[in-house]
Each structure stands twice: as C-alpha cells, then as structure tokens.
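Coordinate analysis (summary)
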Amino acid sequence: MKDLVIQHVKLWRHDNQKLHQTEGFVGVKALVVRRGKPFRISLKLKERPFNPKTDALVFKFSIGHLFVKRSVTFSKVSPCSRWGACMDPEGPDLQCPSILISTPATAPVGTYSIQMFVFTPSSRKTYRLGNFTLLCNPWCSKDAVFLSFEDQREEYIQNDSGLLYMGTPLSVAARPWSFDQFEPDILEACLSLLQVSPQHLTNPVKDYKSRADPIYISRVVSAMINSEDDRGVLKGKWSGDFTQGVDPSTWTGSGDILTQWAESGFSPVMYGQCWVFAAVMCTVMRVLGIPCRVVTNYNSAHDTNGNLVIEEFYNELGKKLPHSKDSIWNFHVWVECWMTRKDLGSDLNGWQVLDPTPQERSAGVFCCGPAPVRALRDRRIELPYDIPFVYAEVKASVHTVVLREGQVVCSSRDTKRVGSLICTKAIGHPRPENITGDYKHVKSPNSTLRSRRRHNSDDTVSSNSTSQGVSVTLTLEKAPVAGVPITFRVTITNKETVAKEIIEHLNAQAKQYNHSPSDTFWEAESVVKLAPLEVRVVRHQISPVHYEDVVGDDLINLAVVLEDPSNQQRVLACEEFNIESPQLDVEIMKEGAVNRGTQQTAVVSFTNPFSVPVSGVLTIRAAGLKLGEREFRILNLPPGGRVQQPLSFVPEKAGTRMIQARLDLTNRAVVRGYQMVTVNRN
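1. Quick look at the pairing of strand S22 (residues 421-425)
A regular strand carries its side chains on alternate faces of the sheet. Across the five residues of S22, five count as buried, placing the element largely inside the fold. Direction of pairing for strand S14 (residues 292-302) relative to S22: antiparallel, over a ladder of four bridges. Bridged to Val-295 within S22 is Thr-424. Bridging between S22 and strand S23 (residues 432-434) involves three bridges; their strand directions are antiparallel. Pairing of Lys-425 across the sheet is with Pro-432, part of S23. Connecting the antiparallel pair S22 and S23 is a turn made up of six residues, with Gly-428 showing a positive phi of about 75°.

2. Let's talk about unusual backbone geometry
Backbone torsion omega between Gly-369 and Pro-370 reads 5°, so that peptide bond is classified as cis. Structurally, Pro-370 can be placed in the loop between strand S18 (350-354) and strand S19 (371-372). At Glu-47, a position not held by glycine, the phi torsion is positive, near 80°. Relative to the elements of secondary structure, Glu-47 occurs in the loop between strand S3 (39-46) and strand S4 (56-63). Positioned with a positive phi, Arg-379 is a non-glycine residue whose angle comes to about 55°. With respect to the element layout, Arg-379 can be found in the loop between helix H9 (373-377) and helix H10 (387-395).

3. Topic: the nonpolar core
Among the nonpolar cores identified, the biggest contains 68 residues, and Val-221 and Trp-275 are the most heavily contacted of them. Per element, the largest residue contribution to this core is 13 residues, and it comes from helix H8 (residues 274-288). The contacts of Val-221, once residues within four sequence positions are left out, are Leu-193, Leu-194, Met-281, Val-284, Met-285 and Leu-288. In terms of nonpolar packing, the next biggest core, distinct from the first, is built from 55 residues, Leu-474, Ala-482, Val-560 and Leu-647 among them.

Thresholds, definitions, all that
- Residues numbered from 1 in each chain as written.
- Predicted model: local features only at pLDDT ≥ 70, side-chain atom pairs only at ≥ 80, totals over all residues.
- Heavy atoms only, no water.
- Buried < 20%, exposed > 50% of the residue type's maximum accessible area, 1.4 Å probe, protein only.
- Helix = DSSP H or I, 4+ residues; strand = E, 2+ residues; numbered from the N terminus.
- Pairing = 2+ DSSP bridges.
- Core = buried A, V, L, I, M, F, W, Y, C linked by side-chain atoms within 4.5 Å.
- Contact = heavy atoms within 4.5 Å.

Below, the structure written as structure tokens:
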C-alpha cells in the first residue's frame, strides 16, 4: 500500500475569518478565529486518498507547554464545550479531506500551534500545519463575554474609531480617537502585552490557563497599560515639560502608541493621561474579543483617606487654594468591559469598571477592577475588585470652605457634584449617552446629551449658595466660545428687612482638568447696595484678551464671594467650565456616494477666531481610508481669515470610518475636528 503523504494544507483564512468576524485582521501571519466556533482546515493528499479503516489523523493544539490532542472523527461537530476535530459532514472528499476544528468557549486566549500526526499501517509522520490565534467570542452564548445584540457587538468590538468625552458636565467636549485595532501589527502588539506581563514571565503555565477567564485578562491588561510595575505601554505625566516624549493631548489614536511600544522592545511610551490610558486599553480589549467602551466620569473624586468627603478651600476674595490632599478631577476616563461574574453571581454580570490610569494599588499593583457597575450602584463595597475606590469617584460629597487669615468664615456641603454626569459614546451615533443611572440612583436620567460639537448658545448654567442674611447665584448666560466675551450674572438676594451694602469679590483662575487652579488671570471688585429684601442682578463679562491663553484643554474656575461688612459674613458661589475651542470643519465631497476602492475628496477648513494671526501644523489621519497621516503647514492666518485644505483618499474598507483632523497652533490651543464617513461595499 502506498504511503499517505500530505502535499498541501489550506487554512481557508478568508472564509474562516469572515465566519468568525475577524476579517478586519489582514496581513496577520496566523489565522485569527474566535473560541466556541468551528473553523475549517483542508488537506490535499498525494499518492492515495485517506482510508478511514486503516489510517488515522490526530491533531495537537499547543499554547506554550499546554496542549490537547484530538483524533479526527466522522461524527458531528463537537459542542463548544470541548476541543474536537471531525471530517466536514458536508460531504467528505477523502483525497482532499476537509476537517472542522472545534474549540471550547472557555479556551485560553493566545496563539496556538497546530501539529498533525498521520498514522498508517506502515508509518507515522508529523506535520506542522501552522498557527492560529484564538480570541474571545461575544457572538457565542457560552462565552463569558457574550453580547446579545449585533449593534452592541459592532460598536464595542468592531468599531475602530470613536469619541472620547472631556470638558465639563456643562460643556461636554467630544474628542475623536482612532482605536486602530485592525491596523498592521496591532494584534501582535496586544498579544505581546500578555506575553511580557509579570504573570506570564513568573509562571507561564498558570498564566496560559488563566487566560480562559476575561476577569483575569482584564486585570492583567489594566496593569500593563501603565508602566508603574512592569514593562507596560504608557508612562504617565500630568504636568510640566513633555519634551522627552509626546504631550498626551496630541495623541489621536492607539495604533501609534502600541506600535512604538512594541518596536522599542517594550519600553514605555511617553506620555499618557487618563483618556489615553483608557483608549489604549479599549483597543487591547477589543482586539482580544472582550466588549469594551470608554467612559467619562465628570467631577471625579480622588478620596485619599477613604471618608467619602472631598474638601475644597477658597480665600475671602474667591481664589481657590491648593490646601487639600483630596482632589476632584473635572473629568476622569476609564473603560467598561462586558463579562459574566461567576465569582460573584449572575446579578453582577454585565459592565465592569476597569481603570488603567495608575492612581492606587490593587493587590500591590497599579491596576483597578473589574468592579461591577451594579455593585457600585447598590454600594456593595465588600466585593472585589476595588469597588470602594471607584464608589468614592462617583459618590463622594464636597465640603467647600472659605478661609480668612486661616479661619473658617463660611462652609457648605454638596452631595450631587461628584459624578454628576457619567457618559459614553452612543451605539451607532456620534453623540454621548448618559449612563449616570447605571452607577447611582438618579431621578429620570436623560440618556441623550449634546456634545460641545453641537453647541447651543442659549444654554445657561449656574451655582448658588446662601448665608443667614444674603444668598448668591453665579450663572453663565451662555456656554463660552473662543473669541467671544464670557458673560455671566451674579444674582444677590437680601434676605433681611434692612438695607445692606455688600462687597462683591470676583476671581477667575485657569486650571488643568486634574489640578488645583493656577494664578488668577482676572479679578474684579465692586460694592452693591441692596434695599430690604431686594434681589439684584449684576452682569459681568471677561473679554477674550484676558482668557485667550486658556482656550483648549484648560478650564476656568470662576468664583464670587459676597462680603457683608456689617457682620463679616461671607457667602461663595463658584463654577468651573471650559472655553469652546474653535472647530475644524471636515466636509466630504459627494457625501453618500463614497465607495470602496474609488478615489474621494475631503476638505478641511479653519477660521481664525483669535485677535492675532496664527500659525500651526494641520495633521489629518483616517484608518481604513488609505490616507495614512498627512501634515500641512498654515502660516500667519490673520484674525477672521479662513483656510481650506483639500485631500484625496481611497477607501479600502467598507463600513463607518472616521477622518480626524488636528491643528497644533503655535502658542495657542490645539484645534480638532472630525467627520464620519460611510463607505459602501459597491
């Protein structure tokens, strides 16, 4: 009898990856499939066909030192609970047999090698058939990361671009971000992240076994995104000089960061801040098949002593003082990942908070989560992981104190400010979705928000405070826009039946989102005379010449202190807000007729709203549109001047894509814009 010889092996990369929703991973050496779903391998035999009576085929699937062997059978496909290999029941061709490989929905994530042993009456031969990468499978109901609805899977796994939300609750600012999970070398970088983790380097066998569990994977990734304890991806830096790396505000996508980290031999990329840490983690989790979304918590508390109280201090003139070890970030960004929690019970399945920004240690390591969102809402702080810390971020109260010569002259407590808005990008739409009600019990949360890109000039915001004799309200008359005076009003109420002469102290300071304010850039003082029980409205404005240096990512802390000289009582009202940056307009010519493989044109436009000429570098990028990253210089654009930059691109992938543009102005704000593009399949 002639020997059985394998002439050729076909992994059916295109067909398998299309069935496994991994067709976006092009240019990857290994086949990419999802666990819990069979994939097909075909053999072309030389000399003679396979004889099921005398021949046997045995597959060995290995990851590290772990392996499993399965004989090829003629029975039906194995269920998604175990490994298996069977002849394709669609009609086996014994000269060119097609074999279905089954993987369990609980298999470890990673890259496997495939060996095949061929047994005949006269010989035994071994063949290496190649490798395949196995990912989690949110399409499989037996997988711990299963999501029920296709629009959710499309948004939280497949979408390679999105929006991060910054600013303040009063002026939600959308920042475009390219997650880049399907770009060249990104899959390999994400798998390398698992390979160079301390868990893998310490005990590879234990690590591979544990990778079956998305809880374990998520904690490893949370720690590996920052570089505090390991060879992590990003080095954090929140102030000072960024010349040794990249200013975090200039990153536009995860791909450049992960590629630089991998190509450097896993040295940390400098620098990241919370939204960069979160966005890169979102990329890694989506690559690994775990549904993930980026979440912003506005007025996020960092409670250093665990008493759920954040203290803030002002002087008698309304200047905010850096006296507290506690802090409130105007916004903080983390991720949520979707998974079951068999360790805690089915009632805590669903979204889990994970925070890769290095703030506090968890089990000795700078990571955070997964903390079930439902446990946060119900204050089940005894459960793992890190629920007390995250709970304080969304639920702490604020104790505001006014000091004069070191003595407290008035104080107030606010239980609603922290975590006043928690949002994420809406499914399928470029707008924020209010998810505050998922974290805390709120009255009729409004799930639809407007981001700053859809600015409404009639919006007003206010804060108020009261004392025994006088109350005050500080109200912005409209959301501040670059190049336009900031207009606000102070409403003063005399609550007594005697006339009063009140001194009004006004103070404005610039601040970064995660810091105490810096020096005062504008202040004013006036005397207001009030009749008994009178309500007086005093209007003010801050001209652009005073605040132009604060436009962009910085914020403004505006405060008013009313002083009653007759009894030395004081009352404070304050508000923090940002100036809406000018926008880049991105327009697609012939929108609605964008087809894959056909050249298209976009135009990026900018109008200078500042009082002086500006210069800068315009950078445009888009994943999946064969655009790469292009740079253009803009020189001495006069006040009110407008510039337009056309560019051509050829879409290479169908679906929704994003063109994003960034203008880095010299000594001015970074200006951004984006446009979603729907690419037809033809």
